[in-house]
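Take a look at the letters that make up each chain.
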Amino acid sequence: MLLPSLAKALEVDPAYLLRIALEQAVGATAAKAITEIFGSPVTANERAWLEELRDASGNSDPRMTARGRTTLRGIFGK
């Protein structure tokens, strides 16, 4: 229960802190292997984006297209 308590004290999402802690604890290569096996922890903010995407698409499971990627990256100035 240390990580959730620490995340609360730092006012960060526990999933975000877990990703950082995992990489620092086992190294980038091992962290990548672990997340490939178990999936990447999803923050509350990321869940909100996913829920909005599902709602906007009518739960149609849209593919990531070049146009969609460009639009999304444009939101973040990339």
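Going by the structure above, here's the rest.
Residues numbered from 1 in each chain as written. Predicted model: local features only at pLDDT ≥ 70, side-chain atom pairs only at ≥ 80, totals over all residues. Heavy atoms only, no water.

K.L.:
Quick question: what am I supposed to make of the overall build of the protein chain here?
P.N.:
Broken down by element type, the protein chain carries five helices and zero strands. Across the protein chain, helices and strands are ordered from the amino to the carboxyl terminus as α-α-α-α-α. A compact globule built from 78 residues should have a C-alpha radius of gyration of about 12 Å, whereas the protein chain, at 16 Å, is more than 25% larger. Taken along the three principal axes of its C-alpha coordinates, the protein chain extends 40 × 30 × 25 Å. Within the protein chain, the proportion of its 78 residues that are buried is 9%. Approximately 6700 Å² of the protein chain is accessible, and the part contributed by carbon and sulfur atoms is 58%. (Helix = DSSP H or I, 4+ residues; strand = E, 2+ residues; numbered from the N terminus. Rg over C-alpha atoms; globule rule 2.2 N^0.38 Å. Buried < 20%, exposed > 50% of the residue type's maximum accessible area, 1.4 Å probe, protein only. Areas by Shrake-Rupley, 256 points an atom, 1.4 Å probe, with all protein chains shown as cover.)

K.L.:
I'm lost on the packing of helix 2 (residues 14-26) against helix 3 (residues 28-38) in this one. Help?
P.N.:
Two quantities define a packed helix pair, namely the angle between the helix axes and the distance between the axes. At their nearest, the axes of helix 2 and helix 3 sit 6 Å apart, and the two run at 130 degrees to each other. Taken as axis vectors, helix 2 and helix 3 run oblique relative to one another. Handedness of the crossing formed by helix 2 with helix 3: right-handed. Contacts between helix 2 and helix 3 involve Leu22, Glu23 and Val26 from the former and Ala28, Ala30, Ala31, Ile34 and Thr35 from the latter. Among the residues forming the contact of helix 2 with helix 3, the class breakdown is six nonpolar, one polar and one charged. (Axes fitted to C-alpha atoms, helices over the stretch in contact; angles between N-to-C directions. Parallel < 35°, antiparallel > 145°, perpendicular 65-115°, else oblique. Left-handed = near helix turned anticlockwise from the far one by under 90°. Contact = heavy atoms within 4.5 Å. Nonpolar A, V, L, I, M, F, W, Y, C, P; charged D, E, K, R; others polar.)

K.L.:
Mind showing me how you'd approach the pattern of salt bridges here?
P.N.:
A side chain with one charge may pair with a side chain of the opposite charge, provided their charged atoms come close. Across all of its chains, the model carries one salt bridge by this definition. When the shortest N-O distance is used, the salt bridge between glutamate 46 and arginine 19 registers 3.2 Å. Separated by 27 residues along the polypeptide, glutamate 46 in helix 4 (residues 44-56) and arginine 19 in helix 2 bring together distant segments of the chain. (Salt bridge = Lys/Arg side-chain N within 4 Å of Asp/Glu carboxyl O.)

K.L.:
In this structure, what is going on with the packing of helix 1 (residues 2-10) against helix 2? I would like to understand it.
P.N.:
Their axes nearest at 9 Å, the elements helix 1 and helix 2 cross at an angle of 115 degrees. By the angle between their axes, helix 1 is roughly perpendicular relative to helix 2. Helix-helix and strand crossings are classified by hand; for helix 1 and helix 2 the assignment is right-handed. Where helix 1 approaches helix 2, its residues Leu3, Leu6, Ala7 and Leu10 are matched on the opposing element by Pro14, Leu17, Leu18 and Ala21.

K.L.:
Can you walk me through helix 2 in this structure?
P.N.:
The terminal C-alpha atoms of helix 2, which comprises 13 residues, lie 18 Å apart, in line with the 18 Å expected from a rise of 1.5 Å per residue. Those residues of helix 2 not exposed but buried are Ala15, Leu17 and Leu22. Around the axis of helix 2, the buried residues are gathered within 150 degrees of arc, so they sit on the same side. If you follow the buried residues of helix 2, they end up packed against helix 1 and helix 3. Residue aspartate 13 occupies the N-cap position of helix 2, its side-chain oxygen lying 2.8 Å from the main-chain nitrogen of alanine 15. In the stretch just after helix 2, glycine 27 is the one whose phi turns positive, near 95 degrees. (Expected span 1.5 Å × (residues − 1). Arc of directions from axis to C-beta. Polar contact = N/O pair within 3.5 Å; in protein donor to acceptor, adjacent residues only side chain to side chain.)

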